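# A structural walkthrough
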Amino acid sequence: SVKPNEVGVRTRYGRIVAQNAVEGAGNPTAAAILGPGWHWSWPYPFERCTTVSTSERQIPIEFMFELTEAEKTGGITGYRFDMLSPSRDDCLITGDVNIIHAALVVKYRIKDSEADDNVIHYLRNVHPQGDPQAGVRSPEYLRYPEYGLMVNLVRNAVIEVAARGEALRIRGEGQQKFLVEVGRRVNDELRKFKNRGLPLGIFVDAETGILGTKKGEIEAIMPPRQTQEVFDQVQAAGEQQAGTITKAASEAQSLLVNTAGPDYLEL
């Protein structure tokens, strides 16, 4: 039985087989995918049916400092000036040699509507024997190759993209661009696996696959608490500067129009 939001694959003595000989002769890969519903197979050990969830999966990726229990529920209530500890805290180093923290989540699927053979690639190159029935956030899932693979791919992508950016921009107006660039970097790595003859069947939408996860008062991307006050002051000064420039440009245009009329550019 294959449930909704699942596909199935039948193997005979470990080899993937098509649903029937006629379909298999035309397109063996597509014919091997079993849609939702009931299907026939010989009992184990002759055949085995494996189902794969095609629903969106999510894995949290964090570069955060250690939070107290009170901070996890009520947010950060003040600045702390003790040093960051590598054994306790995690962080990113940006291209302008600043430190930031980030709480992200990667969203991905095993099946892409344009390529049903992604499921076959996933089963051959990623999927362990025995499909874990637990969710991706459960302790059981942490032991499976898929979790380690995605965590390492995304963490490496975040580290590399952060190293090319500026802390204030990543935290501020460039945050969405930063997340999209991370998604593209992950896809680049997935393509490298495919080019090496090891397609993984995993699909990440570069535009929406990487998201910042704000928890209450805790920002998705933020500076260390030790420098939070200084970062806030610099960001406020930048916003004030942008507002002043916009106001000055508006007043200059108004003065030119009042002095020389709407055709002042030609003059």
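Structure first, text after, so check above.
Residues numbered from 1 in each chain as written. Predicted model: local features only at pLDDT ≥ 70, side-chain atom pairs only at ≥ 80, totals over all residues. Heavy atoms only, no water.

## As for helix 7 (residues 175-195)
How we decide: Working definition: helices are DSSP H or I runs of at least four residues, strands are E runs of at least two. Numbering for both runs from the N terminus. Multiplying 1.5 Å by the helix residue count minus one yields the expected span of that helix. Throughout this description, buried means an accessible area under 20% of the type-specific maximum (1.4 Å probe, protein chains only), exposed means over 50%, and partly exposed covers the range between. Contact between two residues is taken to exist if any of their heavy atoms lie within 4.5 Å; hydrogens are not considered.
For helix 7, which comprises 21 residues, the first-to-last C-alpha distance of 30 Å matches the rise-based estimate of 30 Å (1.5 Å per residue) to within 8%. Of all the residues in helix 7, the buried ones are Phe178, Leu179, Val180, Val182, Gly183, Arg185, Val186, Asn187, Glu189 and Leu190. Buried-residue contacts for helix 7 involve strand 7 (99-108), helix 5 (145-162), helix 6 (167-171), strand 8 (210-212) and strand 9 (221-222). Just beyond helix 7, the residue with positive phi is Gly197, at close to 85°.

## Overview of the packing of aromatic side chains
This is how it is decided: For this analysis, a ring pair means two rings from Phe, Tyr or Trp (six-membered ring only for Trp) whose centres lie within 6.5 Å, classed as stacked if their planes differ by under 30 degrees, edge-to-face if by over 60, and tilted for the remaining angles.
One pass over the structure, following the stated rule, counts one aromatic pair. Judged by centre distance (6.3 Å) and plane angle (75°), the rings of Tyr13 and Phe46 are edge-to-face. In this pair, Tyr13 is assigned in the loop between strand 1 (6-12) and strand 2 (15-17) and Phe46 in the loop between strand 3 (33-34) and strand 4 (47-53), connecting sequence segments 33 residues apart.

## Digging into the environment of Glu166
If you trace the backbone, Glu166 turns up in the loop between helix 5 and helix 6. In the structure, Glu166 is positioned 66 residues away from Ile100 in sequence and 9.9 Å away in space, judged by C-alpha atoms.

## Re the pattern of salt bridges
Condition: Salt bridge criterion: a side-chain nitrogen from Lys or Arg within 4 Å of a carboxyl oxygen from Asp or Glu.
According to the stated counting rule, one finds 13 salt bridges in the structure shown. Across the salt bridge formed by Arg12 and Glu47, the nearest N and O atoms sit 2.7 Å from each other. Taken together, the positions of Arg12 in strand 1 and Glu47 in strand 4 put the pair 35 residues apart, joining distant regions of the chain. Linking Asp188 and Arg191 is a salt bridge whose minimum nitrogen-to-oxygen distance equals 2.4 Å. Separated by three residues within a single helix, Asp188 and Arg191 lie in helix 7, roughly one turn from each other. With relative accessibility at 31%, the residue Asp188 sits in the partly exposed group.

## As for the pairing of strand 5 (residues 57-63)
Going by this rule: For two strands to be treated as a pair, DSSP must find no fewer than two bridges joining them.
Taking every second residue as pointing to the same face, the buried face of strand 5 carries Arg57, Ile59, Ile61 and Phe63, while none of Gln58, Pro60 and Glu62 on the other face is buried. Note: strand 5 against strand 7, seven bridges, orientation antiparallel. The partner of Phe63 across the bridge, within strand 7, is Ala102.

## Comments concerning the pairing of strand 7
Within strand 7, eight of the ten residues are buried, which leaves the element mostly enclosed by the surrounding structure. As paired strands, strand 6 (residues 92-93) and strand 7 are joined by two bridges and run antiparallel to one another. Directly across from Leu92, in strand 7, lies its bridge partner Ile100. Where strand 7 meets strand 8, three bridges bridge the pair, whose relative direction is antiparallel. Looking across to strand 8, one finds that Leu104 is bridged to Gly212.

## Here we look at a nonpolar patch on the surface
Keep this limit in mind: A patch consists of residues exposed above 30% relative accessible area that lack any salt bridge, with like charges linked at up to 9 Å and nonpolar side chains (Val, Leu, Ile, Met, Phe, Trp, Tyr) linked at up to 5 Å. The protein chains shown are the only cover counted for residues, whose accessible areas, like all others here, come from Shrake-Rupley with a 1.4 Å probe.
A cluster of nonpolar side chains, Tyr13, Trp42 and Phe46, forms an exposed patch at the surface whose accessible area comes to about 430 Å². Tyr13 sits in the exposed class, given a relative accessible area of 63%.

## Topic: the side chain of His101
Test applied: We call two N or O atoms a polar contact when they sit within 3.5 Å, provided that within protein one can donate a hydrogen and the other can accept it, with sequence-adjacent residues counted only if both atoms are side-chain atoms.
Mapped onto the fold, His101 is located in strand 7. In this structure the side chain of His101 is engaged in a polar contact, spanning 2.8 Å, whose partner is the backbone oxygen of Asp90. Once residues lying within four places of it in the same chain are set aside, the contact partners of His101 are Phe63, Met64, Phe65, Leu84, Asp90, Cys91, Ala220, Ile221, Met222, Pro223 and Pro224.

By themselves, these are just geometric observations and shouldn't be taken as functional.
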